[in-house]
Amino acid sequence: MIKHIALLPGDGIGPEIVAEAVKVLDRVAEKFGHTFNYTEVDIGGCSIDRHGVPITDEGMATCKSSDSVLLGAVGGPKWDSCPPAIRPEKALLAVRKELGLFANLRPTRLFPQLASASPLKEEVIGNGIDLLIVRELTGGVYFGQRKTEEVDGELVATDIMPYSEHEIERIGRVAFETAMKRGKRLASVDKANVLDTSRLWRKTMHRLSEEYPEVTYSDILVDNTAMQLIRNPGQFDVLVTENMFGDILSDEASMLTGSIGMMPSASLSSGTLGMYEPIHGSAPDIAGQNIANPLGTILSGAMMLRYAFSLSEEADAIESAVNKVLDLGYRTTDIMQEGCKKVSCSEMGDLVAQQL
Ligand code: IPM
Ligand code: MG
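Scope of this entry: the structure provided in the associated data block. Residue positions are given per chain, counting from 1 as you read along its sequence in written order. Throughout, the order in which chains and ligands are written sets their labels, letters from A for the former and numbers from 1 for the latter. Whole-chain, interface and lining totals are the exception, using all residues; otherwise, since this is a predicted model, local features are given only for residues with pLDDT of at least 70 and side-chain atom pairs are given and counted only at 80 or more. For side-chain calculations, the full set of non-hydrogen atoms in the structure is used, while hydrogens and water are omitted.

**What to know about unusual backbone geometry**
Only a minority of non-glycine residues have a phi that is not negative, and only a minority of peptide bonds are not trans. Operational definition: Put simply, DSSP H or I for four residues or longer makes a helix, DSSP E for two residues or longer makes a strand, and each gets a number counted from the N terminus. Exposure is judged per residue with a 1.4 Å probe applied to protein chains only, and the accessible area is read against the type maximum: over 50% gives exposed, under 20% gives buried, and values in between give partly exposed.
Its identity is not glycine, yet Ala283 carries a phi of approximately 40°, on the positive side. Summarising the element assignment, Ala283 is placed in the loop between strand 12 (274–278) and helix 10 (295–307). Positive phi, normally seen in glycine, also occurs at Asn290, with a value near 60°. Inspection of the secondary structure puts Asn290 in the loop between strand 12 and helix 10. Since its relative accessible area comes to 30%, Asn290 is described here as partly exposed.

Pasting the structure below:
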């Protein structure tokens, strides 16, 4: 199989972790007889520095014409004072929107070896964590109108959170279909006691749930979800929610896995093109030190093989290589435990590649 992958390393630790994912993908290609060609695209702050914009039209076109996109992270304090229209994050939102990546899957799985790295007590973690957050990614307050204006002598800022039925229905379908392939339990997260968007969300989900009688469906308020995730995470199988709730809850859920550095994600469109990225940010405080955890990005690479290229054997191979490396006691700083061997970002990439 020959595939063209757009590589968007981005800012901060982005280039370091993407390099390790590429190392692992190349090892997979060698072992299973595939060819992965990469085209690098600047995104975020590095693109602002080089081209004056967070992503160029040419860069966007490269993403659109590739078979898949692998992203590191964008942003950092250096660009915090950029005008909103050219902030690094703007490019990420633009790629999501232009590629139609409305469905963001954030699997939250605790490797049992990392149980004591999680800040939660082992009795809360119970028999392990395996849940999936399905986050709507191209609607809601992230893409509604926003403005800051002067009213009666003071500044007033407004961010609008629109959701249309078709947007809710399309992410709902992804969630129900995904639940069918997993534990057949779906919790839809909203704030229907306050928000109109949530009331439409709930109504639409209820309508869909009639088409999926095998899925045990429930509604749960977002504030309660935040509590339940750390009170009893084992109760969840698939969670579906709107854009901003999903952003917040997935960071919270990442702590169940031991470290935010462990959590991969896939952003899918209605076609085959998708973008794969770890859920964490650019971590400017540790950038350039070769100490970041590349496993979230490596596991995002596995998701790419599975979802974009239907290479499930290869994806399984990466996941079990990660498992073996953790079994052998190798840890990056963020997941370091007593009695384990601390390794750098690039050593971790080497170790995973060696296990393949
Ligand atoms: C994420 C990130 C982004 C988001 C930021 C960088 C714009 O936090 O992917 O979760 O809010 O979606
Ligand atoms: Mg986030």
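Anyway, onward from the coordinates.
**Details of the pattern of salt bridges**
For the record, the criterion: By convention in these notes, a salt bridge is any Lys or Arg side-chain nitrogen within 4 Å of a carboxyl oxygen on Asp or Glu.
All chains considered together, the criterion is met by 25 salt bridges. Arg87 is paired through a salt bridge with Glu89; the nearest N and O atoms lie 3.1 Å apart. Relative accessible area serves as the criterion here: at 31%, Glu89 is assigned to the partly exposed category. Its salt-bridge partner being Lys184, residue Glu214 comes within 3.6 Å of it at the nearest N-O pair. Residue Glu214 is located in the loop between helix 7 (196–209) and strand 9 (216–221), and its partner Lys184 is located in the loop between helix 6 (165–181) and strand 8 (185–190); the two are separated by 30 residues in the primary sequence. The partly exposed category is assigned to Lys184, whose relative accessible area is 29%. Among the charged side chains, a network of salt bridges with common partners joins Glu165, Glu169, Arg173, Arg207 and Glu211.

**A look at the nonpolar core**
Put simply, the rule is: Among buried residues, those of type Ala, Val, Leu, Ile, Met, Phe, Trp, Tyr and Cys that are joined through side-chain atoms within 4.5 Å constitute a nonpolar core. Domain extents, as shown, originate in an automatic or database domain assignment. It only takes one pair of heavy atoms within 4.5 Å for two residues to be counted as in contact.
Of all hydrophobic cores here, the largest spans 79 residues; its most connected members are Leu186, Leu295, Leu305 and Ile318. Two domains each donate at least three residues to this core, and these are domain 1 (1–109 + 260–356) and domain 2 (119–257). What Leu305 contacts, discounting residues up to four positions off in sequence, is Leu25, Val28, Phe36, Ser310, Leu311, Glu314, Ala315 and Ile318.

**Considerations on the site of ligand 1**
Applicable threshold: Working definition: residue near molecule or strand if any one of its non-hydrogen atoms lies within 4 Å of it. Think of a polar contact as two N or O atoms within 3.5 Å of one another; within protein, one of them needs to be a possible hydrogen donor and the other a possible acceptor, and neighboring residues in sequence only count if both atoms come from side chains. Per-residue and other accessible areas follow the Shrake-Rupley method at a 1.4 Å probe size, with only the shown protein chains counted as cover for residues. Classification convention: Asp, Glu, Lys, Arg as charged; Ala, Val, Leu, Ile, Met, Phe, Trp, Tyr, Cys, Pro as nonpolar; all other residues, Gly among them, as polar.
Lining the immediate environment of ligand 1, one finds Glu89, Leu92, Arg96, Arg106, Arg135, Tyr142 and Asp247. Residue Arg106 places a side-chain N or O atom 2.9 Å away from an oxygen atom belonging to ligand 1. Between ligand 1 and Asp247, the relevant distance is 2.9 Å, taken from an oxygen atom to a side-chain nitrogen or oxygen of the residue. The protein chains hide 78% of the 320 Å² of surface that ligand 1 would expose on its own. If one sorts the elements of the shell around ligand 1 by residue count, helix 4 (residues 88–98) sits on top with three residues. Grouping the constituent residues of the shell around ligand 1 by class yields two nonpolar, no polar and five charged. Per-domain counts for the shell around ligand 1 show at least three residues from each of domain 1 (1–109 + 260–356) and domain 2 (119–257).

**Some points on helix 6**
Applied cut-off: In this analysis, the expected span of each helix is defined as 1.5 Å times one less than the number of residues it contains. This arc is taken over the directions from the axis of the helix to the C-beta atoms.
Relative to the 24 Å expected for 17 residues at 1.5 Å per residue, helix 6 spans 24 Å between its end C-alpha atoms, a close match to the ideal helical length. Along helix 6, the residues classified as buried are Glu167, Ile168, Ile171, Gly172, Ala175, Phe176, Thr178 and Ala179. Angularly, the buried residues of helix 6 cover 160° about the axis, an arc narrow enough to put them on a single face. Away from the buried face of helix 6 by more than 90 degrees, exposed residues His166 and Lys181 are located.

**Description of the side chain of Ser68**
In this structure, Ser68 sits in strand 3 (residues 68–73). What makes Ser68 buried here is its relative accessible area of 0%. Dropping the residues within four chain positions of it, Ser68 is found in contact with His4, Ile5, Ala6, Leu273, Gly274, Tyr276, Met304, Ala308 and Phe309.

**Quick look at the environment of Val95**
Structurally, Val95 can be placed in helix 4. Along the chain, Val95 and Asn290 lie 195 residues apart, while their C-alpha atoms are 28 Å from each other. Aside from chain neighbours lying at most four places away, what touches Val95 is Ile43, Ile55, Met60, Leu101 and Met275.

**Looking at the sheet that holds strand 3**
We apply this condition: Any two strands between which DSSP finds at least two bridges are classified as paired. To get an axis, fit a line to the C-alpha atoms, keeping to the stretch in contact for a helix; angles then go from 0 to 180 degrees between the N-to-C directions.
Strand order in the open sheet made by the 10 strands is 2-1-3-12-11-4-5-10-8-9, with mixed pairing throughout. A single partner strand is all that each edge strand has here, and the edge strands are strand 2 (35–40) and strand 9. Between one strand axis and the next, the sheet turns through 25° on average, direction left out of account. Contacts from helix 8 (residues 222–231) reach strand 5 (130–136), strand 8, strand 9 and strand 10 (238–241), with the element oriented near 105° to strand 9.

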